[in-house]
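# Close look at the chain arrangement
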Amino acid sequence: MANTKQQSLWVVYDYEEDMFRRTFLLATTDCNKFPHPIPNAIVESMLLHLRILVEILLSRGSRDDDIKLTELLPGFKSPLVGQLKTTYGNSKQVGSPCWNLNKRLAHPTQVRSSSYTYDHLVQALVPLVEPLLGEVAEARQVSTLKKGEQ
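First, a word on scope: everything that follows refers to the structure included in this document. None of the values given here were measured: they were computed from a predicted structure. (Residues numbered from 1 in each chain as written. Predicted model: local features only at pLDDT ≥ 70, side-chain atom pairs only at ≥ 80, totals over all residues. Heavy atoms only, no water.)

### Points about the side chain of lysine 68
For clarity, the cut-off: Per the convention used, a helix needs a DSSP run of H or I reaching at least four residues, while a strand needs a run of E reaching at least two, with both numbered from the N terminus. Any residue under 20% of the maximum accessible area for its type is buried, any over 50% is exposed, and the rest in between are partly exposed; the area is computed with a 1.4 Å probe on protein chains only. Only four residue types enter the tally: Lys and Arg on the positive side, Asp and Glu on the negative side, with His and both chain ends excluded. For salt bridges, the criterion is a side-chain nitrogen of Lys or Arg within 4 Å of an Asp or Glu carboxyl oxygen. Any two residues having at least one pair of non-hydrogen atoms within 4.5 Å are treated as being in contact.
Relative to the assigned elements, lysine 68 resides in the loop between α2 (38-57) and α3 (69-72). It is glutamate 71 that comes nearest to the buried, bridge-free lysine 68 among opposite-charge side chains, at 4.1 Å. Sequence-distant contacts of lysine 68, that is, excluding residues within four places in its chain, are made with Ile56, Ser59, Gly61 and Arg63.

Written out as structure tokens, the structure is:
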């Protein structure tokens, strides 16, 4: 992958990580200070950015232009990726975080309702995603240093 193309992909990754972190912080601290429907919008934004990050971290994209961790950091290995894959599930696994995000948030399905709590989903994913983001940052730094030495 050309260096400038890879840099532009990292820009997208960085944006998603930043948006997830900022909306997660807001959703868990000051969210309810705002009038309805702003708290819902904050939580939904956080969940959408979390969903996008997980898809990148799991290299799930099926389209040629999907951003995948396996392309950003070839050779990156972490047991957290396997744990996240198991915990996240897939769109056919009813009740999994992936299924819930797709059916209850990202798509207009008949499963949606006027109220739903995503706390269990966040509690399952964030403890895996947070340290994995740290590992990616470390591996990225090492990769950048190696490229600089060449």
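### Let's talk about the pattern of salt bridges
All told, the structure shown has six salt bridges when counted by the stated rule. The partner of arginine 21 in a salt bridge is glutamate 17, and the shortest N-O contact between them spans 2.9 Å. With a gap of four residues between them, arginine 21 and glutamate 17 both fall in helix α1 (residues 3-28), about one helical turn apart. Notably, a salt bridge pairs glutamate 130 with arginine 21, separated by 2.7 Å at the nearest N-O pair. In this pair, glutamate 130 is assigned in helix α6 (residues 119-149) and arginine 21 in helix α1, connecting sequence segments 109 residues apart. Its relative accessible area of 32% is what places arginine 21 among the partly exposed residues. Three or more residues joined by partner-sharing salt bridges are found here, namely Glu17, Arg21 and Glu130.

### Structural notes on the packing of α2 against helix α4 (residues 79-88)
Which entries qualify depends on this criterion: Axis definition: a line fit to C-alpha positions, over the contact stretch in the case of helices; interaxial angles, taken between N-to-C directions, run 0 to 180 degrees. Under this scheme an angle from 65 to 115 degrees is roughly perpendicular, one under 35 degrees roughly parallel, and one over 145 degrees roughly antiparallel; angles in between are oblique. Working rule for handedness: look at the near helix, and if it is turned counterclockwise from the far one by less than a right angle, call the crossing left-handed; if clockwise, right-handed. Think of it as three bins: nonpolar holds Ala, Val, Leu, Ile, Met, Phe, Trp, Tyr, Cys and Pro, charged holds Asp, Glu, Lys and Arg, and polar takes everything else, Gly as well.
At a minimum axis distance of 10 Å, the contact between α2 and α4 shows a crossing angle of 130°. With respect to α4, the axis of α2 lies oblique. For α2 against α4, the interelement crossing comes out left-handed. Residues Arg51, Val54, Glu55 and Leu57 of α2 lie in contact with α4, whose contacting residues are Val81, Leu84 and Tyr88. Grouping the constituent residues of the contact of α2 with α4 by class yields five nonpolar, no polar and two charged.

### Some details on the packing of aromatic side chains
Quick reminder of the rule: Stacked, tilted and edge-to-face pairs are distinguished by plane angle, under 30 degrees for stacked and over 60 for edge-to-face with tilted covering the rest, among Phe, Tyr and Trp rings (Trp via its six-membered ring) whose centres lie within 6.5 Å.
Per the stated rule, a full pass over the model turns up three aromatic pairs. Centroid distance tryptophan 10 to tyrosine 13: 5.1 Å. Interplanar angle 85°. Geometry classified as edge-to-face. Within this pair, tryptophan 10 and its partner tyrosine 13 are both found in helix α1, separated by three residues, close to a single helical turn. When its relative accessible area of 8% is taken as the criterion, tryptophan 10 is described as buried. Since its relative accessible area comes to 1%, tyrosine 13 is described here as buried.

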